[in-house]
Amino acid sequence: MLILSRRKDESVVIDGSIEVSIVDIKGDQVKLGIKAPGHVKVFRHEVYQAIQEQNKAAAAAPTRLPELPKLDIPAEK
């Protein structure tokens, strides 16, 4: 893990296209601003973990599809 020190209104750039800025600092809370291309998904860590857990649960759940009724199609003459 890379650890950097930044002050309010300072930022870091990741991979040339993602900018993380320190917007505000109040006590033990730091507000970040994140500029990233539209195709980059940005989540809070706890939200990302919840999404991953839900995806794993969905993938592990049994998927029994209902049987479709057979169609009675008359034979061609």
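Residues numbered from 1 in each chain as written. Predicted model: local features only at pLDDT ≥ 70, side-chain atom pairs only at ≥ 80, totals over all residues. Heavy atoms only, no water.

**Here we look at unusual backbone geometry**
Turning to step 1, where the next piece is worked out: The backbone of Asp9 shows a phi angle near 70°, a positive value even though the residue is not glycine.
Turning to step 2, where the next piece is worked out: Residues other than glycine seldom take positive phi values, yet Asp15 does so here, at roughly 55°.
Turning to step 3, where the next piece is worked out: Take Asp15: its relative accessible area is 74%, and that puts it in the exposed class. (Buried < 20%, exposed > 50% of the residue type's maximum accessible area, 1.4 Å probe, protein only.)

**Details of the pairing of strand 1 (residues 11-14)**
Turning to step 1, where the next piece is worked out: Judged from the 4 bridges that link them, strand 1 and strand 2 (residues 18-26) form a sheet pairing that is antiparallel. Its bridge partner being in strand 2, Val12 is matched across the sheet by Val20.
Turning to step 2, where the next piece is worked out: Hairpin connection of strand 1 to strand 2: 3 residues between the antiparallel strands, including Asp15 at a positive phi of 55°. (Pairing = 2+ DSSP bridges. Helix = DSSP H or I, 4+ residues; strand = E, 2+ residues; numbered from the N terminus.)

**Section: the sheet that holds strand 1**
Turning to step 1, where the next piece is worked out: Taken in spatial order, the 3 strands make up an open sheet running 1-2-3, and their pairing is antiparallel. Either end of the sheet is taken by a strand with one partner, and the two such strands are strand 1 and strand 3 (29-35). The mean inter-strand angle of the sheet, taken between neighbouring strand axes irrespective of direction, is 25°.
Turning to step 2, where the next piece is worked out: Across 7 bridges, the pairing between strand 2 and strand 3 is antiparallel. Bridged to Ile22 within strand 3 is Leu32. (Axes fitted to C-alpha atoms, helices over the stretch in contact; angles between N-to-C directions.)

**Observations concerning the pattern of salt bridges**
Turning to step 1, where the next piece is worked out: Scanning the entire structure with this criterion turns up 4 salt bridges.
Turning to step 2, where the next piece is worked out: Salt-bridge contacts for Arg44 lead to Glu46; the nearest nitrogen and oxygen are separated by 2.7 Å.
Turning to step 3, where the next piece is worked out: On the accessibility criterion, Arg44 (56% relative accessible area) is exposed.
Turning to step 4, where the next piece is worked out: Connected through shared salt-bridge partners, Lys8, Asp24 and Lys26 make up one network. (Salt bridge = Lys/Arg side-chain N within 4 Å of Asp/Glu carboxyl O.)

**Side note on a nonpolar patch on the surface**
Turning to step 1, where the next piece is worked out: Together, Ile25, Val30, Leu32, Ile34 and Val42 make up an exposed nonpolar region whose accessible area comes to about 420 Å².
Turning to step 2, where the next piece is worked out: When residues of the nonpolar patch are assigned to their parent elements, the largest contribution, 3 residues, is made by strand 3.
Turning to step 3, where the next piece is worked out: Relative to the assigned elements, Val30 resides in strand 3. (Patch = residues over 30% accessible without salt bridge, like charges linked within 9 Å, V, L, I, M, F, W, Y side chains within 5 Å. Areas by Shrake-Rupley, 256 points an atom, 1.4 Å probe, with all protein chains shown as cover.)

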